[in-house]
Amino acid sequence: MTKEICQQLFDNLYDNKIILLPGLGPFCFCEFLKCDFKDNKLSIHLKVLEPVVKLKQRYKIWFEKELNEDVTEIQFNFLLENIVFLKIEQQYIMSIYGSSIWANYDIVKKVYELKAQNLDEEIYRILV
């Protein structure tokens, strides 16, 4: 795996946005800042922007903290076998015990459109 992974995942973004599901947080829209791959670790730097669906009370503290950060870093360690799932064609990456990221242009655009219509159930059908 090389730096090409970053290009394949993040070169075609909708308005430079991705969707993040952090291990202990809510679905949120984020601005993609940069990506790096070295020592079998994929590091993604992003800026948390807004929740994808209405925030549950248990996530409000986490979200407010991340919203005030200039950069949030998410890492995926490829040395841990069977932990990280990477679907390059779908621009999707997931860690069983960590975060998931959707970078696919069409999915992010569709979720933004559904959010504008307050269609949370449809959003969950796409992302879960």
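As shown above, the structure is provided for reference.
Definitions and cut-offs
The residue numbering used here restarts from 1 in each chain and proceeds along that chain's sequence as written. Confidence filtering applies because this is a predicted model: local features only for residues at pLDDT of at least 70, side-chain atom pairs given and counted only at 80 or more, and all residues used for totals across whole chains, interfaces and linings. Hydrogens and water molecules were not included; the side-chain quantities draw on all heavy atoms of the structure. Secondary structure elements are defined from DSSP: runs of H or I of at least 4 residues count as helices, runs of E of at least 2 residues count as strands, and each element is numbered from the N terminus. Under the scheme applied here, a residue whose accessible area is under 20% of the maximum for its type counts as buried, over 50% as exposed, and between as partly exposed, the area being computed with a 1.4 Å probe on protein chains only. N or O atoms closer than or at 3.5 Å make up a polar contact, with two conditions inside protein: a donor-capable atom paired with an acceptor-capable one, and, for residues adjacent in sequence, both atoms drawn from side chains. A pair of cysteine sulfur atoms is labelled a disulfide when the two atoms are within 2.5 Å. In this scheme Phe, Tyr and Trp rings, the latter by its six-membered ring, pair at centre separations within 6.5 Å, and the angle between planes marks the pair as stacked below 30 degrees, edge-to-face above 60, and tilted otherwise.

1. Considerations on the side chain of Ser99
Structurally, Ser99 can be placed in the loop between strand E6 (92-95) and strand E7 (100-102). Look at Ser99 and you get buried, because its relative accessible area is 11%. A distance of 3.4 Å separates a polar atom in the side chain of Ser99 from the backbone nitrogen of Gly23.

2. Considerations on the state of the cysteines
This structure, assessed with the given rule, holds one disulfide. With no disulfide partner, Cys28 has as its closest neighbouring cysteine sulfur the one in Cys30, 4.0 Å distant. Under the relative-accessibility criterion, Cys30 is labelled buried at 0%.

3. Re the packing of aromatic side chains
A full pass over the atoms with the stated rule returns eight aromatic pairs. When the ring of Tyr14 is compared with that of Tyr105, the centres are 5.4 Å apart and the planes differ by 85°; the resulting orientation is edge-to-face. You can see Tyr14 sitting in the loop between helix H1 (4-10) and strand E1 (17-21) and its partner Tyr105 sitting in helix H3 (residues 105-116), a full 91 residues away along the chain. Overall, Tyr105 belongs to the partly exposed group, its relative accessible area being 30%.

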